[in-house]
Amino acid sequence: MSLTLVPSPAELVAWYADMGITEALDETTHDHFAAPEPASEPSRPRPTLPPRAGQGPAAEARPNAAAATAPEDAALSARVLAREAATLEALKEALARFEGCALKATAKNLVFADGNPQARVMIVGEAPGGDEDRVGLPFVGRSGQLLDRMLGAIGLDRKTDVYIANLLPWRPPGNRTPTPQEVAICLPFIQRQIALANPDILVCVGGPAAQGLLGLTGILASRGKWSEYDTGTRRIRALATLHPAYLLRQPLQKRLAWRDMRTLKAALDALGAPEPAPTARVD
Ligand code: URA
């Protein structure tokens, strides 16, 4: 006997959202219980799909749009633009101008960072999801809420105690995993972002960030162990942990993430109190 599980409407909506289906295709209300239209009637105009990245009038008007740029050229131009950015603000502007990554064409917003750029801990996730794309900030959806709770469990506040960014600043359509080519093109930007923020500890959340930034494969085996990350000016401690989206699907694995959070907390405690910010002298 087979057991059929019927999802509730809320579960179905959550599943659609997870799959990246967050917009209705058509603004017209349809009566799905109405009798089918006779075949002879002209069919309703179908909603047209948006042009694919690098196609359509917008792409034609931009000769340097992603599809027209060879991946090696895009990666080279990313390296140059990232290196030239002297501040985080300049880096954000450089990304906003960059046309070498096709994800930009389908994303609503550039998702650059949240939190405190002066924080000792920098957290890097994979890529924005639907909520992040709408709001323009990383980790604000369900995964983000869990991340906030994980940080809160070791006394860290997302706005003041950490700086948060992603390996990719644009949402991959349907929340698919970024391709190696997309990662390679965007890598110089996140590397520069880490160098400019200059944290003491880097935390890579999920496999793609751990692989892209630390060269680690197999997140379940590599999580929770310290490695090093070279910012270009110094070597800092780096830790990979499980992605909150994975933890939402596999809640029993939260015990592993909790161990990683305690490892992070111990390292922060060992660093001691942060040096006070320089204050103006009043003689
Ligand atoms: N998952 C990520 O990796 N980053 C986000 O910003 C949101 C979800």
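Quick look at the structure, then. Every value quoted in this text rests on a predicted model; they were computed, and no experiment measured them. (Residues numbered from 1 in each chain as written. Predicted model: local features only at pLDDT ≥ 70, side-chain atom pairs only at ≥ 80, totals over all residues. Heavy atoms only, no water.)

The biggest cluster of nonpolar side chains holds 41 residues, and the ones touching the most others in it are Phe98, Met122, Trp170, Ile190, Leu202 and Leu213. Among the elements that take part in this core, helix 8 (residues 180-197) stands out by supplying eight residues, more than any other. Within the second largest apolar cluster, 23 residues are counted, among which are Phe139, Leu151, Val162 and Leu268. (Core = buried A, V, L, I, M, F, W, Y, C linked by side-chain atoms within 4.5 Å. Buried < 20%, exposed > 50% of the residue type's maximum accessible area, 1.4 Å probe, protein only. Helix = DSSP H or I, 4+ residues; strand = E, 2+ residues; numbered from the N terminus.)

What follows is about the packing of aromatic side chains. A full pass over the atoms with the stated rule returns one aromatic pair. The cationic tip of Arg237 hangs over the ring face of Trp226; the distance from NZ or CZ to the ring centre is 4.2 Å. (Phe/Tyr/Trp six-rings, centres within 6.5 Å; stacked < 30°, edge-to-face > 60°. Lys NZ or Arg CZ within 6 Å of the ring centre and 35° of its normal.)

Let us now look at the environment of Gly125. By the secondary structure assignment, Gly125 is in strand 2 (residues 121-125). The sequence separation of Gly125 and Ala209 amounts to 84 residues, and the corresponding C-alpha distance is 5.9 Å. Here Gly125 is in contact with Phe139, Ala165, Asn166, Leu167, Val205 and Ala209, once residues within four sequence places are set aside. (Contact = heavy atoms within 4.5 Å.)

Every residue close to the ligand is listed here: Gly125, Glu126, Ala127, Pro128, Glu132, Pro138, Phe139, Asn166 and His243. Between the ligand and His243 there is a distance of 2.8 Å, counted from an oxygen atom to a side-chain nitrogen or oxygen. In isolation the ligand exposes 240 Å². Once the protein is present, 93% of that is buried. When the residues that make up the shell around the ligand are grouped by side-chain class, the tally is four nonpolar, three polar and two charged. (Near = heavy atom within 4 Å. Polar contact = N/O pair within 3.5 Å; in protein donor to acceptor, adjacent residues only side chain to side chain. Areas by Shrake-Rupley, 256 points an atom, 1.4 Å probe, with all protein chains shown as cover. Nonpolar A, V, L, I, M, F, W, Y, C, P; charged D, E, K, R; others polar.)

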